[in-house]
2 protein chains.
Amino acid sequence: MDDINFAVLGTGGIGRRTLEYATEKTALTPVAACDRHGVAIDHDGLDVDELLAATEGNIASDGGAVAVKQSGEMRGVAASTQAEPTETPIDDIIAESDAIDAVLIALPNLEHDFIPRVADRFADADYEGVLVDVLKRSRVIGMLDDRVDSFEDAGITFVCGAGATPGFLTGAAALAAQSFVEVESVDIWWGVGLKSGYEDNRGTVREDIAHLDGYDIETARELSDEEIEAIVDEHDGRIEFNDMEHADDVLLERAGICDAEDVTVGGILDVRSDEKPTTTTVEVTGRTFDGERATNTFQLDDDTSMEANVNGPALGYLKAGVRRNRAGEYGVFGPTDLMPGF
Amino acid sequence: MDDINFAVLGTGGIGRRTLEYATEKTALTPVAACDRHGVAIDHDGLDVDELLAATEGNIASDGGAVAVKQSGEMRGVAASTQAEPTETPIDDIIAESDAIDAVLIALPNLEHDFIPRVADRFADADYEGVLVDVLKRSRVIGMLDDRVDSFEDAGITFVCGAGATPGFLTGAAALAAQSFVEVESVDIWWGVGLKSGYEDNRGTVREDIAHLDGYDIETARELSDEEIEAIVDEHDGRIEFNDMEHADDVLLERAGICDAEDVTVGGILDVRSDEKPTTTTVEVTGRTFDGERATNTFQLDDDTSMEANVNGPALGYLKAGVRRNRAGEYGVFGPTDLMPGF
């Protein structure tokens, strides 16, 4: 009864890694995956190796901003022998969702309300199960909270912000706060090195660029691949971000840990090196009940990749979400409400 | 509906600090407290300041091994204007437990099965609510697991090992493990400095001494205060412990994170200095899904006292336990099953 059948929406970097990651976890069986033009469903479990091999460097999209190098006759998931081409991939998965315990939404959220609208479709279909996303933007959380009633009516446990930051590091901040009766500040600082440049992590780099001075989510969406390349070049492949709009802030406020304004998120992305340019660290400063001021620290080893720190927690939070869902707890849960299972 | 009424069994160091701590937390109302000879119950909320003032340095016990300096006419809780003397303090609290959401068991566990037997009394009375303990010994967890059926029948959510270690640091280890698909080792190393000597933390020091070479739980129990003092003197007040039997090991194994034998707990206690003799650190070493070996680290600031790091998490886990209990989840939960609320 602890077994979990799950689906992945989207087979970009995060979706593919989640499938791969799941093969290393007990009791987690991927039974469905889709991209824009293909869907693969096997309730006995997908052959992940075949699916990943068939879609390697071959991600279906509508071209332009999210296009990735393509090869083969069929694009993306449809190239797998387990898949069918489709123009309604999400509906196809919803049609089979009675047998799916959890759905990881690994779609780029370039429009703020895109993931909330995907969730609406599951709620409209009375899906009873878990939805997990790895969104970053603070403003999306409120849109999800607005949907609590429809999630509760359907029986959906929506786990939001379940990647690295927000997600892993938000959970670490919540735990580190346990020494304190009052939290003054939470500082999240990340380092990401990508040996592969950003070919496999295009959506992530684009979202990050939207945080740079002079850019926002709309202008970043309009950038061509060449323009992104030029921005990366300008920074010699190493881009520093400060005061990012990451949902750690609203998620920590929502859990009563501190005010959103006391949370800062920043970091350095190096798209040309495997080595992390800086150590990912969470520092939580607060006041203890016995009157001391102190800072607790959580650090990720430089040898843990961004992928390991996104996909492990995403599946950990997914497992924790399924446990809550099976106990009949529905609505919207942040990482701090739902520390992950291993 | 988020308000929590709770009771504390025992008003030694941990019990007293929990009451004090709760005054700084929202939505947590202490409504009952007892020691061996007195019980105070007020469903509108105890006057914690009065209770602590009345029992300061004045803890009721049966003398001998757990005796603490006593003063005043009445000993312990009974000295409070809110309290009644009683010879059946736990039964008195059980009699009122319909209106009590959670009970923190802050009793010394010198007999291994003492806390399990206290839990039995609540289960026999069909208590529906949360029991929390801050026990340390690995072997007690199995005794609690043996009682799952009776806890489920009654409606008890038993949260075990919810102090610092096990508890806070076990949770940190579980979270730090999220980068990995396989955990090789968990090393927990703590530093505790006690400005007050061990007067207020006698039970803790005695339990710790049982971990020293040449001692076990039985011989430690038989030590007189003078003998403990002599042991402390021999070590110039600074005692190092290695390979302690702390339940972090079985709790992490139980959660599927690693084998119990891969967990080590040790630390240094300085009963003569306020300063911590070493920094409390959790190191989790594992293998990532992409084949790296790495170590994630969680560190508590030296300025966070043992008390802050026991009582904050104990109440955090208590809150998380109440949430599970209200959702109808009963049985035995370790820290990793139930990361704390703030």
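Remember, predicted model here, so these are calculated numbers, not experimental data.

1. Here we look at the interface of chain B and chain A
- Contact with chain B, which involves 51 residues of that partner, is made by 51 residues of chain A.
- Counting the contacts that link chain B with chain A gives eight salt bridges.
- Close ionic contact of Asp337(A) with Arg323(B) constitutes a salt bridge, the shortest N to O distance being 3.9 Å.
- Our count for the chain B to chain A interface comes out at 16 residue pairs in polar contact (both at pLDDT 80 or more).
- Of all the secondary structure elements, the ones that give two or more residues to the side of chain B that touches chain A are helix H1 (13-22), helix H7 (168-176), strand S12 (293-299) and helix H12 (306-326) of chain B.
- In terms of residue class, the side of chain B that touches chain A is built from 22 nonpolar, 15 polar and 14 charged.
- In the sheet, strand S12 (residues 293-299) of chain A pairs with S12(B) via three bridges, with the strands oriented antiparallel. Residue pairing for S12(B): Phe298(A) is matched across the bridge by Phe298(B).

2. Details of the side chain of Asp270(A)
Residue and element names in this part refer to chain A.
- With respect to the secondary-structure elements, Asp270 resides in strand S10 (residues 263-270).
- Engagement of the side chain of Asp270 in a polar contact is seen with the backbone nitrogen of Arg272, the distance being 2.9 Å.
- Looking at Asp270, its side chain comes within polar contact range of the main-chain nitrogen of Ser273, at 3.2 Å.
- With sequence-adjacent residues up to four places away left out, Asp270 is seen in contact with Val192, Gly193, Leu194, Gly237, Arg238 and Pro277.

3. Some details on the UniProt feature "modified residue: Allysine" (unreviewed entry) in chain A
Residues and elements named next belong to chain A.
- Those places that UniProt annotates as "modified residue: Allysine" (unreviewed entry) correspond, in this numbering, to Lys136.
- A residue is classified by how much of its surface remains accessible, and Lys136, at 15% relative accessible area, is buried.
- Within polar-contact distance, the side chain of Lys136 engages the side chain of Asp208 at 3.1 Å.

4. Here's the deal with the pairing of strand S11 (residues 281-287) of chain A
All names here are of chain A.
- With respect to burial, S11 is a largely interior element, five of its seven residues being buried.
- Looking at chain direction, strand S8 (residues 182-193) and S11 are connected through seven bridges and run antiparallel. Looking at the pairing, Val186 lines up with Val284 of S11.
- Of the pairings in the sheet, the one linking S11 to S12 comprises seven bridges and is antiparallel in character. Paired with Thr281 across the bridge in S12 is Gln299.
- The turn linking S11 back onto S12 is made up of five residues, and Gly291 within it adopts a positive phi angle of 90°.

Thresholds applied
Residues numbered from 1 in each chain as written. Chains lettered and ligands numbered in written order. Predicted model: local features only at pLDDT ≥ 70, side-chain atom pairs only at ≥ 80, totals over all residues. Heavy atoms only, no water. Contact = heavy atoms within 4.5 Å. Salt bridge = Lys/Arg side-chain N within 4 Å of Asp/Glu carboxyl O. Polar contact = N/O pair within 3.5 Å; in protein donor to acceptor, adjacent residues only side chain to side chain. Helix = DSSP H or I, 4+ residues; strand = E, 2+ residues; numbered from the N terminus. Nonpolar A, V, L, I, M, F, W, Y, C, P; charged D, E, K, R; others polar. Pairing = 2+ DSSP bridges. UniProt positions renumbered as here; feature names shortened; annotations may be inferred. Buried < 20%, exposed > 50% of the residue type's maximum accessible area, 1.4 Å probe, protein only.

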